[in-house]
Structures are given as C-alpha cells and as structure tokens.
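This is what each chain is made of:
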Amino acid sequence: MVASAVLGFPRIGANREVKKAVEAYWAGKITADQLTQAAADVKKSNWTSVKAKGVDYVPSGEFSLYDHVLDHAAAFNVIPKRYVGQGLTPLDVYFAMGRGRQADGVDVPASEMKKWFDSNYHFVVPEFSAETDFKLNFNKAIEEYKEAQVHGVETRPVVLGPVSFLVLGKASKDAKPGFEPLSLLPNLLPVYKQLLGDLKTAGAEWVQIDEPVLVLDKAAGYEKEFASAYAELSPVAPKILLTTYFGRLDSNLSYVAKLPIAGLHIDLDRAPAQLDEVIAAVKPTNIVLSLGLVSGRNIWKADFQAAIKLGQKAVDALGQDRVIVATSSSLLHTPVTLESEKKLTAEQKDWFSFALEKAAEVSVLAKVLSGSQDAAVSAAVKANDESIAKRRDFERTSDDAVRKRVASITDEMLERKSPFAVRKETKEIRNARAKFTKGEITEVEYEDFLKKEIESVVRFQETIGLDLLVHGEPERNDMVQYFGEQLNGFVFTQNGWVQSYGSRYVRPPIIVSDVSRPGPITVKWSSYAQSVTKHPMKGMLTGPVTILNWSFPRADVSRELQSKQLALALRDEVIDLEKAGIHAVQVDEPAIREGLPLRRADWDNYLKWAVDSFKLSTAGVSDALQTHSHFCYSDFDDIFPSIQRLDADVISIEASKSDMKLLNTFKQYGYANQIGPGVYDIHSPRVPGDQEIRDRLKSMLDILPDSLLFVNPDCGLKTRGWKETEASLKNLVSAARWARQQYA
C-alpha cells in the first residue's frame, strides 16, 4: 500500500500562539514553564490535526520556538563562547544566540542569519571551530517523539542531517585560517549515533534526516562525507529516510542511490523532471521512494490528475510498498489552514490549499495510488477535478493591455539617460490602522493621524541630524502586502501567516492574475513628508523581484512575466514620485539573491530577467533623481557583475553580522557607486554604542573610499521599538559625524 507523509508543519499555531507566547516571555509577562506549555499545546494540535487528515507519517521534532537550525546547534552544544558564562539559563542562551541580549549586565549581539536556500525563511548560522565540543545537551527528537505518543500519535522524527548542518554553518572568528566546518564530521557523528540510537531504542520505526544540501552543485564534492556518515549511522538508527527538497539531485544521485538508507525523498513540485532518473537509480535497490507531489512552498490546490500520473509511474516501477506520497518539503512555508479565512470569495477559496489541506491532499493521493475504491476518496478526486477545471478557466483570461505593455519593453527602457532607511511602526500606528480597518475611525481621522506621525518622524530625523530623510511609512502594514493591496491582480488572506524568522511572521499576498497599477501608491504620503521639511526626502518602494518572491506567485505563467508586470507598475510610481518633487527613490530588492536558482546552470536566465525588472522599474526618470536599493543576507561574490548591472546610484547591504566580508567583494570588483554597509543589526533589540559603530566605520573605511560610504542600519526599522530606534539612530549620527571629522 502507498503511504502518505508530511515532512514538517508550521510551528506558529493557528492563531499565532507561539509568537504571542515567545514575545510575552521576552517581555517578562510569562514564565519559561508557561512558554513551554504554550508550545506543547501547539505541538499537540499539529500532531493530532495532521493525523486526523489520514496521514500515515506525521512529523515530530521539527517544532521550534525560534529556528530549527538554532535548535540543532543548541542541542549539539554548538554555542559560541560569547554566550557562555553570562549567567543565563539554557533557554535565554538560546534566545540570545537568535536575537542578541542587552539586559541585566549582559550585552551580546545576535548570531548571523541567512536565507534558508531560496526561501524567505531565515536560519541562524551555526559557528564552528576546531575547538567545537560536540555533545548532546538534550535529545529534542526523542523528547517530542515521546510527547506525541502521550497524545496517541506515532510520529516520524525529523533531524537535520550531519553534512547539511556543517555545510550550512561557518567558521567562527577564532577559527584558524582555512578551517572548514565539514572537517568536523568525524567528531560530530558519535553524537548523531547517540541521538539516533536513542530513537531506535524508544521504538521509532523511521527517522527523517534532512540533507537539503544535496540539491546544490557543491554537494558533488561531498560523496566521501555522505558515504562515511551514513555507513556509521545506518546500523544504529531507525530506518533512515534521506530527505532532499527545493531542487533536483542531478549528478549527486549517482552516489546517493548507493547509500545505506531505507528511503529517499525527492521534490517533484520544484523538480518533476528528475523522477525517471531517480526511479532508474533506486529500482535495483530496496530504497523506498518518497514523492514530493504536494507543494510545500506554494498555496495552490494540488492538481490530482497530474500528481497521480507521476505517482503511478513510480508505483508501476517499484510497487506500492516502495512508494510514499508526501509534501515536497516541510509545510513551514505555508499558512496553517484555510478554515480561518472568512473574507476570500468562494471562488478564491476553492483555488487554495494551506498546510492542513495539503495534509489531506497527500492522504487522498496515497489512497488513490493504492487502488482505493472508497466513495469518499472518489468524491475528493472528483471535487479536485472540478476545482482545477474552474481555475484553468480563470487562468485563460488575461489583461490584454498589461500583456501588450510587457511585450513592448525595449532595451532602451532599461537604461538611465546617462551612465553612471529608517522605518518605524509603533503600537499607536498599529492601533490606528486597525481602528480604520474596522470602521471605528473615519478616513479623515486616520489620514490626520498619519500626517501627525509623518511630521513627528521628519522632525526627529531633522533633530538628530540625518541627511536624507524618509517619511516613516506609518500607512503601511508590510513592505509587500501594502503594495499588493494597491495593485490589481492580488488577493489577501486574514490569517495566512508564515514565519520569516524568530517571532517575525508575514502574510504573503497571492498573485492570481495580471498585475497593474490603477493609480499612485506612495506619492501622496512621500510628497506630504517633503512638504514639511527642507531636507531631501527619499521615496520608499519594494522592488518587483522582492514583491514576487515574497508573495505566493501564480503557477500558470512564468515568474519572469509576473516580475516584469510588477516592474512596469513600479516604473509608473517612480516617475510620479519624481514629478511630485521627491529627490531620491529607494527600490528595495532584499530578495533578489534569495530568488537565485539553486543550480548554477539556471542562473543566467534568472539574473537576466531579475536585473532587467529592477532597471525597468527605475530607469524612467531623469539623471537628477538618485536611485537606491537595499539587499540583505546575501552573498554577492558569485553574482557581482549582476549587482553592478543594476546601476543603482546607492546600494545598502547587511554587513554588521556577516563580519563585513562583502565589502572586500566590492573592492575587488572596483564598484564605483555609493555603498551603505549596515553598521548595526536591526533584527536584534540591542542598542549599538557610539564606539561600536565607530569601530565598524573604521573597518569599512579601511576598504572603501570615504566618498562612497553611506552610513545606515542593516535594514528597515519596522520591527523595532521606538525607544531603541531613537537611541540607535542617535549613536549612528554621532559616529557618522565623527567619521567626517576624522576622514574629511
């Protein structure tokens, strides 16, 4: 019989219970025991809900209060020295690693974060050195396995694999030059053997070991490490399901199929073309093949007929007992359930499938491939056929004017005429927006409130001495959602929350049809802000590639088409901002590197249309308007020529947590435009001191000429409180003034 599986489930809670509990703990409003209980309630709900959908393999061990990679580091004692000996509890050490801590005499910065492959999820980067002392501080996998059993649910524990754990990490600052974390594999494996052996003793039949690095080109060089690792682990572990996702195995399949594993999972949502090759490779073995037929990354209802066709191919070749139908990846990247959505139309709701609905989909597909004649299964397939047919009918409609405009894009439209942030959102702003949304205050009252907020932000910036001002964006909820709400072609959820990092959740818009701008979006508020100051005001827009990557995109047309439609809409906005007297416009593209395909062979096409989209959005203005862009958590070394081709007058980048390693890349390539390397981390609540920022500026000016340097935070300040924002920016301005005197 074909089994069904979910690789992971959202850990936020149906009503964001985890966010609320974690932030209450940080604020001292609840105890650690109360936080643990809130987490236990969400885990119980997850396990029992997935089981109730008929899923055979329910995941456990993948829940997290902050980040699953951080959990793994804490469990394996990969704790940087700066967090040790501070008198903190293990839980507070854990949170300090994730977000930093500045309280009770403890002042430590947060660890570096990076994007989880090509998703908008951020993970905390583990730090290794030759002195790393691996040991099992706690066995999270077995704790949650037993916890689920108490609730009557037999689960399949999930563990991040040893090779991926090391490869995704970095050498710590105190590591010797040339140190490679993967060299620690022999030291790490005994701890994995202990963890997996305990799971086997506890009665776990299977363990899901995630090795997502197998979809990367560089994994071609890890054959010996994978062979040695799994030769040691397999004899002591439950049956191992080696899990890959987000891409294709390609040449790595040749050695993966030889590993002593019981099962292999592949992503057929992102890489369906790999199925035939994988079937051929595993057929001579006893390996069970787990098919990622239901998307873990998007919210569209699965096309059962297309999925059954792929699944049947595997069943015909391997037999039912060697096939599992699963989600393509963890459902971490999708909202919890459609049941919470009350404002979507019936037609719209019928298009979508969130995490719980996807659990039901894998269950139905497994039963179909097992030959079930159950009436409920047949009814589910029929209903799906009808839903997909209706959606396909809708997809055939298009906005001819938008399509013609995209088709008429020329190379000249991508070039400028000549060759070459502060955000805040207070509780008061959120309350006012909520009251306006609920109809408790009038539009006039709301706009008066926004004008007062904007003027307050402008006066603050003038007072502390910032040179280039922004209006603070009090009218905006989220940097993507806000723009989606002003454009044609999007729909929105009430509770479609997805974790971005820690307790930061986002509600991605959904692109359902052709995108266009019915009218100005930001011009009103930016021009008002400019009217109350003599300082130059910077308009703030989210770029086309980021809006695309941080939305749930259409699946029926290319990402390129969607990006260029967004770019044309933003082009009109940039032109209107210049006409309104705005002196600079920042078009943020923090997701441009994130969207890069995982395989180098696929890069050129993506980079061509992604860079063209940015240029299309910014090139319609005169040379007098200064264009800015912002990137975060990005490694630019491999794509720097594309960054240069963006032709932004000023770019700002994350630099405070990545040891400013990117700056050498800018120097190496002779970057001639202005650069704003972030001088402090805005994802942490700690306030950087004046001297701390001065020290960073010294390091920057050792690499960059002072004529190119902008001084700014790592990112926008929307997630920070006003008190810490005010203190941090005052220190930033003080350090910038010092640098002018020292380096003038």
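The rules behind the values
Residues numbered from 1 in each chain as written. Predicted model: local features only at pLDDT ≥ 70, side-chain atom pairs only at ≥ 80, totals over all residues. Heavy atoms only, no water. Helix = DSSP H or I, 4+ residues; strand = E, 2+ residues; numbered from the N terminus. Buried < 20%, exposed > 50% of the residue type's maximum accessible area, 1.4 Å probe, protein only. Areas by Shrake-Rupley, 256 points an atom, 1.4 Å probe, with all protein chains shown as cover. Lys, Arg positive; Asp, Glu negative; His and termini not counted. Charge placed at Lys NZ, Arg CZ, Asp CG, Glu CD. Pairing = 2+ DSSP bridges. Right-handed = clockwise from strand over helix to strand, strands pointing away. Axes fitted to C-alpha atoms, helices over the stretch in contact; angles between N-to-C directions. Contact = heavy atoms within 4.5 Å. Parallel < 35°, antiparallel > 145°, perpendicular 65-115°, else oblique. Left-handed = near helix turned anticlockwise from the far one by under 90°. Nonpolar A, V, L, I, M, F, W, Y, C, P; charged D, E, K, R; others polar. Core = buried A, V, L, I, M, F, W, Y, C linked by side-chain atoms within 4.5 Å. Phe/Tyr/Trp six-rings, centres within 6.5 Å; stacked < 30°, edge-to-face > 60°. Polar contact = N/O pair within 3.5 Å; in protein donor to acceptor, adjacent residues only side chain to side chain. Expected span 1.5 Å × (residues − 1). Arc of directions from axis to C-beta. pLDDT = per-residue confidence, 0-100.

A. Representation of the overall build of the protein chain in the model. Scanning the protein chain for helices and strands turns up 26 helices and 23 strands. Reported as C-alpha extents along the three principal axes, the dimensions of the protein chain are approximately 75 × 60 × 50 Å. Every one of the 744 residues in the protein chain was classed for burial, and the buried ones make up 61%. Carbon and sulfur atoms make up 50% of the accessible area of the protein chain, which totals about 28,600 Å². Distance between charge centroids for the protein chain: 2 Å, based on 92 positive and 99 negative side chains.

B. Just the environment of Thr201, in detail. Mapped onto the elements of the fold, Thr201 is located in helix 7 (residues 185-202). It is 9.9 Å that separates the C-alpha atoms of Thr201 and Ile142, two residues lying 59 residues apart in sequence.

C. How the structure looks around the pairing of strand 14 (residues 323-327). Counting buried residues in strand 14 gives five out of five residues, a clear majority hidden from the surface. Looking at chain direction, strand 1 (residues 3-5) and strand 14 are connected through three bridges and run parallel. Residue pairing in the sheet places Ala5 in a bridge with Ala326 of strand 14. Of the pairings in the sheet, the one linking strand 13 (residues 288-294) to strand 14 comprises five bridges and is parallel in character. If you follow Ser290 over to strand 14, its bridge partner there is Ile324. Crossover handedness for the path strand 13 to helix 11 (residues 304-318) to strand 14: right-handed.

D. Seen up close, the sheet that holds strand 14. Strand order in the open sheet made by the eight strands is 1-14-13-12-11-10-8-2, with parallel pairing throughout. Two strands lie at the open edges of the sheet, namely strand 1 and strand 2 (58-60), each paired on one side alone. Across the sheet, the axes of successive neighbouring strands diverge by a mean angle of 30 degrees, strand direction being ignored. As judged from the three bridges shared by strand 2 and strand 8 (residues 155-160), these two strands associate in the parallel manner. Pairing of Ser60 across the sheet is with Pro157, part of strand 8. Here helix 2 (residues 32-52) sits on the sheet in contact with strand 2 and strand 8, set at roughly 165 degrees to strand 2. Docked against the sheet, helix 7 engages strand 8 and strand 10 (206-210), running at close to 175 degrees with respect to strand 8.

E. Up close: the packing of helix 5 (residues 140-150) against helix 7. Remark: helix 5 packs on helix 7, axes separated minimally by 9 Å, with the N-to-C direction vectors making an angle of 20 degrees. Comparing their axes, helix 7 and helix 5 come out roughly parallel. Seen from above, helix 5 lies across helix 7 with right-handed handedness. Only Leu195, Asp198, Leu199 and Ala202 of helix 7 make contact with helix 5, whose side of the interface consists of Ala141, Ile142, Tyr145 and Lys146. Classifying every residue of the contact of helix 5 with helix 7 by side-chain character gives six nonpolar, no polar and two charged.

F. View of the packing of helix 7 against helix 8 (residues 223-233). The N-to-C vectors of helix 7 and helix 8 enclose an angle of 35 degrees; their axes lie 9 Å apart at closest approach. Handedness of the helix 7/helix 8 crossing: right-handed. The residues of helix 8 that touch helix 7, namely those facing Leu185, Leu189, Tyr192, Lys193 and Leu196, are Glu225, Ser228, Ala229, Glu232 and Leu233. In terms of residue class, the contact of helix 7 with helix 8 is built from six nonpolar, one polar and three charged.

G. Broad picture of the nonpolar core. Residues Phe76, Trp116 and Leu264 are the most contacted members of the largest nonpolar core, which totals 131 residues. Ignoring anything within four residues of it in the chain, the contact list for Leu264 reads Leu241, Leu242, Leu249, Leu253, Val256, Val278, Val282, Ile287, Val288, Leu289 and Ser290. Leu570, Ile643, Ala648 and Tyr680 belong to the second-largest nonpolar core, a separate cluster that totals 79 residues.

H. Representation of the packing of aromatic side chains within the structure. With the rule as written, the count across this model stands at 25 aromatic pairs. Note on Tyr25 and Phe95: the rings are 6.0 Å apart at their centroids and 40 degrees apart in plane angle, and the pair reads as tilted. With a gap of 70 residues between them, Tyr25 in helix 1 (residues 17-26) and Phe95 in helix 4 (residues 90-99) connect regions that are remote in the sequence. Neither residue differs from the other here; Tyr25 and Phe95 are each classed as buried. Plain terms: the ring middles of Tyr606 and Trp609 are 5.0 Å apart, the flat faces sit at 80 degrees to each other, and that makes the pair edge-to-face. Of the two residues, Tyr606 and Trp609 are both situated in helix 22 (residues 603-618); the distance of three residues between them amounts to about one turn of the helix. Residue classification places Tyr606 among the buried residues on the basis of a relative accessible area of 2%.

I. Representation of the side chain of Arg476 within the structure. Within the secondary structure, Arg476 is located in the loop between helix 17 (443-464) and helix 18 (481-486). Here the side chain of Arg476 touches Met540 through a polar contact of 2.8 Å, landing on its backbone oxygen.

J. Structural detail: helix 17. Relative to the 32 Å expected for 22 residues at 1.5 Å per residue, helix 17 spans 32 Å between its end C-alpha atoms, a close match to the ideal helical length. Residues of helix 17 that are buried: Tyr446, Glu447, Leu450, Glu453, Ile454, Val457, Val458, Phe460, Gln461 and Ile464. Along the axis of helix 17, the buried residues cluster in a sector spanning 160 degrees; they form a single face. Exposed residues on helix 17 whose side chains face more than 90 degrees from its buried face are Val444, Lys452 and Thr463. Looking at the residues trailing helix 17, positive phi occurs at Gly465, about 100 degrees.

K. Here's a closer look at the confidence of the model for the protein chain. For the protein chain, per-residue confidence averages 92 on the pLDDT scale, and residues scoring 70 or more make up 96% of the total. Between residues 421-426, whose pLDDT stays under 50, and residues either more than four places distant or in other chains, the model counts 35 contacts.

L. Spatial organisation of helix 11. Its 15 residues give helix 11 an end-to-end C-alpha distance of 20 Å, which sits within 8% of 21 Å, the value for a rise of 1.5 Å per residue. Its side-chain oxygen placed 3.2 Å from the backbone nitrogen of Gln305, Asp303 serves as the N-cap of helix 11. Taken from the residues just after helix 11, Gly319 is the one with a positive phi, measuring 95 degrees.

M. View of the pairing of strand 19 (residues 538-542). By the criterion of burial, strand 19 is predominantly enclosed, with five of the five residues buried. Alternating positions in strand 19 separate into two faces, Lys538, Met540 and Thr542 on one and Gly539 and Leu541 on the other, with burial throughout. Bridge count between strand 19 and strand 20 (residues 584-588): five bridges; the pairing is parallel. For Met540, the partnering residue across the bridge sits in strand 20 and is Gln586.

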